[in-house]
Amino acid sequence: MRAVIPYKKQNAKSRLSPALTLEEREYFVELMLRDVVESLQAAGVNKIDVLTTPQNGVPDDLDVDIIFSEHDLNKAINGYLETVDEPVLVIMADLPLVTPQHIRNITDIEDDLVIVPGKGGGTNVLFIKNPDSFYVRYYDSSYINHCRIAQEMQQSVHVFDSFLLSTDIDEPQDLVEIMLHGHGLSKSYIDSKFGMEDNGRARVRVSLCQ
Ligand SMILES: Nc1nc2c(ncn2[C@@H]2O[C@H](COP(=O)(O)OP(=O)(O)OP(=O)(O)O)[C@@H](O)[C@H]2O)c(=O)[nH]1
Ligand SMILES: C[C@H](OP(=O)(O)O)C(=O)O
């Protein structure tokens, strides 16, 4: 098996702009990428591709293969799937709460397709056993799209139910989850930028920059 991480650094995570400046977002997305790569490697995944834009932005010191595509997310991933002939784990770069145990649990599942839903209808991870019998359609409730595509392509599906893996970091309030449950570089960075109070129930204070 191999893993692919779609990654766009330029103006990354625009929905976080109420909390982080452009420079901070472009730095933070790199830390999240590093945390995802670290968890994959710790789980024993040694073939990791980062599928990125022609402008690149993938740090040189990461032990990954870099693949460029000028296409949008869906076209880039579907083009990539046409080039592989082994099971592929498609994992987004904005999942710093992922652990090596999540990866091991997902890759142990025997169904043709494992879907990890993202909050609000997205898709955070897909483990595609038969890349020639599946295609992706991200955005617009992609979780529903991917369940439908699996049915159309007669692929058996396992929906992986996980709070931490359903938490992709899209909006300022998601940063709270990194403070509470994170580890690694993303947590250190977010802890250093935003304060956390504990008065009875854990409370996180995010001071918005706008
Ligand atoms: N290769 C590639 N990856 C992309 C592209 N757009 C998004 N991604 C990656 O796909 C994953 C999910 O994307 P989003 O959650 O929409 O991230 P984003 O586009 O940085 O965030 P927003 O600007 O807030 O929508 C992340 O890992 C992104 O880095 C793209 O055009 N090409
Ligand atoms: C890529 C997209 O991410 P979201 O906009 O849901 O974070 C999706 O999961 O379909």
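Residues numbered from 1 in each chain as written. Chains lettered and ligands numbered in written order. Predicted model: local features only at pLDDT ≥ 70, side-chain atom pairs only at ≥ 80, totals over all residues.

Engineer: Got a minute to help me understand the overall build of the protein in this structure?
Structural biologist: Helix and strand counts for the protein stand at seven helices and nine strands. The C-alpha radius of gyration of the protein comes to 17 Å, within 12% of the 17 Å expected for a compact globule of 210 residues. Once the C-alpha set of the protein is aligned to its principal axes, its extents read approximately 50 × 40 × 30 Å. Within the protein, buried positions represent 35% of all 210 residues. Considering only contacts in the protein between residues 6 or more positions apart, those separated by 24 or more positions represent 63%. (Helix = DSSP H or I, 4+ residues; strand = E, 2+ residues; numbered from the N terminus. Rg over C-alpha atoms; globule rule 2.2 N^0.38 Å. Buried ≥ 20, exposed ≤ 12 C-beta atoms within 10 Å, placed from the backbone. Contact = placed C-beta atoms within 7 Å.)

Engineer: Help me out: how do you make sense of unusual backbone geometry in this one?
Structural biologist: Leaving glycine out, the prevailing phi sign among residues is negative, and the prevailing peptide bond configuration is trans. With a phi close to 55°, K13 is a non-glycine residue in the positive phi region. By secondary structure assignment, the location of K13 is in the loop between β1 (2-7) and α1 (22-42). Residue K13 is classed as buried on the basis of its C-beta count, with 23 C-beta atoms lying within 10 Å. With a phi angle near 75°, Y139 is a residue other than glycine that sits in the positive phi range. Position of Y139 among the secondary structure elements: in the loop between β6 (123-128) and α4 (142-152).

Engineer: I would appreciate a short explanation of the sheet that holds strand β2 (residues 48-52) in the present structure.
Structural biologist: A sheet is described by the order of its strands in space; here seven strands give the open sequence β3-β2-β1-β4-β6-β5-β7, paired in mixed fashion. Edge positions in the sheet fall to β3 (65-68) and β7 (157-159), since each of these pairs with one other strand and no more. Across the sheet, the mean angle separating the axes of adjacent strands is 20° when strand polarity is ignored. Where β1 and β2 come together, five bridges link them in parallel fashion. Bridge pairing in β2 places I5 opposite V50. Where α1 meets the sheet, its contacts fall on β1, β2 and β4 (88-91), and the angle it forms with β1 comes to roughly 175°. Strands in contact with α4 are β5 (113-117), β6 and β7; relative to β5, the strand with the most contacts, it is inclined by about 165°. (Pairing = 2+ DSSP bridges. Axes fitted to C-alpha atoms, helices over the stretch in contact; angles between N-to-C directions.)

Engineer: Sorry if this is basic, but what is going on with the confidence of the model for the protein here?
Structural biologist: Residues of the protein with pLDDT of at least 70 account for 94%, and the chain-wide mean is 94. Two summary scores accompany this predicted model of the complex, namely pTM at 0.96 and ipTM at 0.98. (pLDDT = per-residue confidence, 0-100.)

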